[in-house]
Structures are given as C-alpha cells and as structure tokens.
Amino acid sequence: GFNEMYNNPPPIDLTPAEAAIFWGKYVQPAAVANGLILVSPTAKNKDKGIKWFADFLKQCYDRRFQTDPCDIEIIKRFAVHEYYCYSDLFEEGYGGGSSELITGLAQQLGNYGGKNDWLTYLRNRDLWVTETNCYWESTAPHLDSKEQCLRTTGQKWQTHGSGHLSKMNKMANVERYAWWTVWNIQAKPNYLTYLNGQLTPIGKAYLSPGNPKVDCEFPGVKLYARDATLTGTAELFTCKSTGTQMIRRGGAFKEQLGTVTFAVNVPSSGNYAINVSYLTKNDRNLSVSVNNGRPGYYTFRSTSSSWCWGKGGASTVVPLELTGLRAGINTITFGSSMTSMMPLIEWISVVV
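These remarks concern the structure in this document. (Residues numbered from 1 in each chain as written. Predicted model: local features only at pLDDT ≥ 70, side-chain atom pairs only at ≥ 80, totals over all residues. Heavy atoms only, no water.)

1. Side note on the sheet that holds strand β4 (residues 174-179)
Strands sit in the order β1-β2-β3-β4 across an open sheet of four strands; the sheet is parallel. At either margin of the open sheet sits one strand with a lone partner, and together these are β1 (38-43) and β4. Strand after strand, the sheet turns through a mean of 25° between neighbouring axes, direction not considered. Here strand β2 (residues 75-82) runs beside strand β3 (residues 126-132); their pairing, made up of six bridges, is parallel. Each bridged residue has a counterpart across the sheet, and for F78 the counterpart in β3 is L127. (Pairing = 2+ DSSP bridges. Helix = DSSP H or I, 4+ residues; strand = E, 2+ residues; numbered from the N terminus. Axes fitted to C-alpha atoms, helices over the stretch in contact; angles between N-to-C directions.)

2. Some details on the pattern of salt bridges
Two side chains of opposite charge can pair, provided their charged atoms sit close to one another. Scanning the entire structure with this criterion turns up 15 salt bridges. Ionic pairing is found between D55 and K58, a salt bridge with its closest N-O pair at 3.8 Å. Of this pair, D55 and K58 both sit in helix α2 (residues 47-62), separated by three residues, roughly a single helical turn. Comparing D55 with K58 shows no difference in burial state: the two are buried. Of the charged contacts, one joins R248 and E235 as a salt bridge, the two residues approaching to 2.6 Å between their closest N and O atoms. Residue R248 is found in strand β8 (residues 244-248), and its partner E235 is found in strand β7 (residues 235-239); the two are separated by 13 residues along the sequence. You can call R248 partly exposed: its relative accessible area is 26%. Beyond isolated ion pairs, a larger network of salt bridges with shared partners links E73, K115, D117 and R125. (Salt bridge = Lys/Arg side-chain N within 4 Å of Asp/Glu carboxyl O. Buried < 20%, exposed > 50% of the residue type's maximum accessible area, 1.4 Å probe, protein only.)

This is the structure in structure tokens:
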C-alpha cells in the first residue's frame, strides 16, 4: 500500500482520491494477479491518519464500478505505523473492534455511500504493524538503543508497562509487526543489529519483549572522554546538564583544528561497529578515520534544544560502522578533516 500519505499536503503526498485511482489501476491488480494478501495504505491512530484513511476508503468505495475498480473488500488487512512504545497506547489505540482507530474510522465513515455496515467491515480487518519503534517518543534526544530496549522489555514499567511488543503479542487483532529497521547505513539509534549481525540492545529486546531480565547495556568496553588523546583546540570539560566529562571544540574552531583520538584494541583484523555517545544542539557532521586512513563523514542529529550549560542538554548514542581495523591496537580519530565544529563526545565503545 501507500506509505504515510497523511503526513504532507499534496503534491508531496497523494490525496485520497488520487490514491484510490492508482490503487485500482496498479496496486490491487498486482496483488490479485499474484495471489497476495492486499494490505491497506498506512493508517495511524491520529486525527490526520484516521481522516486520510477514511477518505481513501470512501473514494475507493465510490470507484467500485469504474473501469479500473477499487474494491475495499479485497483489502484484507490494515497497515499501521506507530512510533511509541507504551503498552497502554497500543491497547487503547489499536486493540480490537472498540479501539480508538476503529471507532475513529467508523465515525468518519458513518453510512457513507448508503453502506450501513462500515463498522463490521472495519472490525473484520486484522492489523499489520509494518513499522514501529520508540524513536519519536522524544526528539531531544531521540531515544538510543539502550533506552528503547528498556521501554520494550518492561524495565520502564511505570510509564510503559511491559512494552508495546509484548502487548501486541497478546492482541488477537494484531497479526504481525515489524521493527523499523534491521540495519541502515545512517547514524540512527533504531537498528536491531550491527552490520556484522551482532544484536544491538534493541535486537535483544525484540527477541525477548516484555522480559525485564534482558541486558540493555551497549556492548563493548567504554572509552570515556578522559581516555582520548586531544590535539589543537579540542579540550575536556564537564557538561553541566549531564554531569559527565565530554570533549568540545573538536573539528574546526576559530579557524583552527582540534582532533580526538581513541586507541582501541580488537582481537582480529576486519570491520567493526562503534557506539558513539554525543551531544549537540544542532545537526553536525563528524569525520572519522581509522589508523590515519581516509576519513568517512557522518551526520549527527540534534540531541537537545540546548548545550551543556542550558536546561535539558542531553546526550544520545548512535552506531557507526568502521572498516580496515587491524588485530591489536588501532586509532580512531574524530575531527581531522572538517570545516566546522563536531558534536561533543562523551564516550565510545567498540562492538567485538
């Protein structure tokens, strides 16, 4: 189906009327020809999501006798995206025929088109939660893998209960769900695995949802800011908002350069992931080189609305994939080839 058409106005996203035309012309015939279960465009238990999807169903119903018909009866499952991990949210928002999603859709549909059994139609469709994680519970910072693991395994019971995955496992109308995502090259904290297949904290939670015995700590020995070798403008300081030591003024600062180098020990030659704990008020780039080789460049997203001296300055952790490490001691250098300042660095760990 179509992906989150409720997020942006046309022409960025399709209108319900446009989507119904394309559905009848391309999506529905492809599913029928290949004997596939036809899953709806994405729905979401929010006003915009409910209204767009209800309007799509209306438009599709109106086109049931057109040359390229759009048949709502062939849609056998409803797709849902949800980026919050509260168990109560899933129970109330998506749990069964009296959920907020179903009742909201039913209110929008009423007796549209003379069809007086819309509620029965809606209740007969199970859900596929085709994208979920805890990423959007916070934007300052977005939650790192450890925090998402804690919320998914029942270790944040007071706010999240047993977690949304455990809740979905008990919901009869949720047929399947998928974490977004297994792995991606972007520096984001949402992945189930590192590139080598080793599980992130989230990955461990995904295999044991609702289990408070899951170890959500990041793998690898942590090397803190104080363990790094600093050159030029880079300097160690204590971040007031976190109470921890960090490195600032790395990269280009006042037309001078500051670098941050960690010495890491790995058991064998190859490629390794590192976890990087950082803080930045604005999106910032970071150059990373292994053993003084050619640097790679990464974009680190804002973690908070203020720096260390302001209220709410917070760090988060993202994974980076590095190539060309040798057995034994290696150097990982931040900031050697930059034209702007890099994020504040709190610690790193190598996934071995």
